[in-house]
Amino acid sequence: MQLTLLVPELVWPEPNDRNTFDDLTCPSLDVLLARGACTMDPPKSLEAALTDLFGQPAGAPYAAFRLLGETRAPDATDAPAISAETCWLCSDPVHLRFHQESLILADSGGFDIAAGEAQTLIHELNRHFSAIGRFHAASADRWYLRLADPAMVGQIETPPLSAVAGRSIERLLLASAQSNGLRQLLTEAQMLLHAHAVNQQREGQGKLPINSLWLWGAGSIPARIESDYDGVWSTNPLALGLARAAGVPAHPLPTEAATLIGHAAPDTRHLVVLEDLLAAVQYENSEAYRAALCGPNGLETRWFAPLRRALMAGQITGLRLEAPTAYAALRWECRRHDQWKLWRRPQPLGQLARRLAGAAA
């Protein structure tokens, strides 16, 4: 069995942060990284890394693929099928706030949205923007817009939500909103959401208001994509949608590697998407990062240690670690025989981070 593990933000993005890196114990991961063959590409988002793994070019129609991977259909009964004839746009609810003279974006990882709140706001957006398209909510925190005019696709070049959550976005908005139509849509949506009773009630309850949308991933789904994976294991709807578009069986993400190894057939290829570290890095929560990576129930215990044992035992013939990070898009090819190259001494992650930062400088 060959396994590809996609782990966004594997390496904490502040190389000199000793509070995060000191005493960070990940022996199996350290050995895998030291004895695997590493390559570096320019930084990319989680979404770009996923579509790359399925052979899709830059600017892939993330919205259409993600919608295809949703566990249920959009909320409206008149929602059309996902096809090459329909253009979709991710229109995710976000909160924008000023912090130290910067405009910071928080996605739903920073606040909760009730299903009823989402439905009410979607109804209001559809009432106001009927000429532009129709909004749909596949979940309380993942919204979509079916564009009435496919020509708008070329006007929307904002990066995926994972690339901006927890970050300053002023320059991105200035660089991305090149059309008057998109600027007007964003401005009107912000005004509508700000004044809506749902947000007034949220603020009265001490909750963050849903005061903007993040528009990204526009496009139509291709008729067919190819993949040599035999299974995809993930909770990420974009990953599940790519699997379905390629005709690859999609499975719920198991809690640990042993479950996957026990169920996957020999001589097959699988993709596993582990997002445990993503939110911690986005919102600069080093304690959450340390716990998710090396805590008692972290990735080291549940995934990296058993996968290294399986690699040594020949249960896995090849292990690829894909890690889009702030430093670079990193890839390690780990083979069984490489694990016996004892002269490749493992390095602490902090040392690796400093080396990556130096290479990226």
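Residues numbered from 1 in each chain as written. Predicted model: local features only at pLDDT ≥ 70, side-chain atom pairs only at ≥ 80, totals over all residues. Heavy atoms only, no water.

It is worth spelling out the pattern of salt bridges at this point. Note that side chains of opposite charge can pair when their charged atoms are close. Scanning all chains against the criterion turns up 17 salt bridges. Notably, a salt bridge pairs Lys44 with Asp52, separated by 2.5 Å at the nearest N-O pair. With a relative accessible area of 26%, Lys44 lands in the partly exposed category. Bridged by salt links that share partners, the residues Asp41, Arg320, Glu322, Arg331, Glu333 and Arg335 form one connected network. (Salt bridge = Lys/Arg side-chain N within 4 Å of Asp/Glu carboxyl O. Buried < 20%, exposed > 50% of the residue type's maximum accessible area, 1.4 Å probe, protein only.)

Attention now goes to the nonpolar core. Grouped together as the largest cluster of nonpolar side chains are 45 residues, with contacts concentrated most on Leu5, Leu10, Leu293 and Leu349. If one sorts the elements of this core by residue count, helix 13 (residues 299-313) sits on top with six residues. Counting residues in each nonpolar core, the second largest holds 41 residues, with Leu96, Leu105, Ala239 and Ala243 among its members. (Core = buried A, V, L, I, M, F, W, Y, C linked by side-chain atoms within 4.5 Å. Helix = DSSP H or I, 4+ residues; strand = E, 2+ residues; numbered from the N terminus.)

So, on to the environment of Arg335. Turning to its location among the elements, Arg335 is positioned in strand 12 (residues 329-335). On the basis of relative accessible area, Arg335 is assigned to the partly exposed category, the value being 32%. Once the C-alpha coordinates of Arg335 and Thr317 are considered, the two residues, 18 residues apart in sequence, prove to be 6.6 Å apart. Those residues within four positions of Arg335 in sequence are excluded, and the remaining contacts are Gln2, Leu311, Thr317 and Gly318. (Contact = heavy atoms within 4.5 Å.)

Turning next to helix 8 (residues 197-204). Taken together, the buried positions of helix 8 are occupied by Val198, Asn199 and Arg202. The arc that holds the buried residues of helix 8, viewed along the axis, is 90°, so those residues lie on one side. Every exposed residue of helix 8 that faces more than 90 degrees away from the buried side is listed here: Ala197 and Gly204. Among the residues trailing helix 8, Gly206 stands out with phi positive, at a value near 80°. (Arc of directions from axis to C-beta.)

What follows covers the confidence of the model for the protein. The predicted model of the protein has a mean per-residue pLDDT of 89, with 92% of residues at 70 or higher. No element of the protein has a lower mean pLDDT than helix 6 (residues 170-176), which averages 60, and none a higher one than strand 10 (residues 269-273), which averages 98. (pLDDT = per-residue confidence, 0-100.)

One pass over the structure, following the stated rule, counts one disulfide. Looking at Cys38, it has no disulfide partner, and the nearest cysteine sulfur is the one in Cys334, 9.6 Å off. Residue Cys38 is classed as partly exposed on the basis of its relative accessible area, which comes to 39%. Free cysteine: Cys87, not disulfide-bonded; nearest cysteine sulfur from Cys90 at 13 Å. (Disulfide = S-S within 2.5 Å.)

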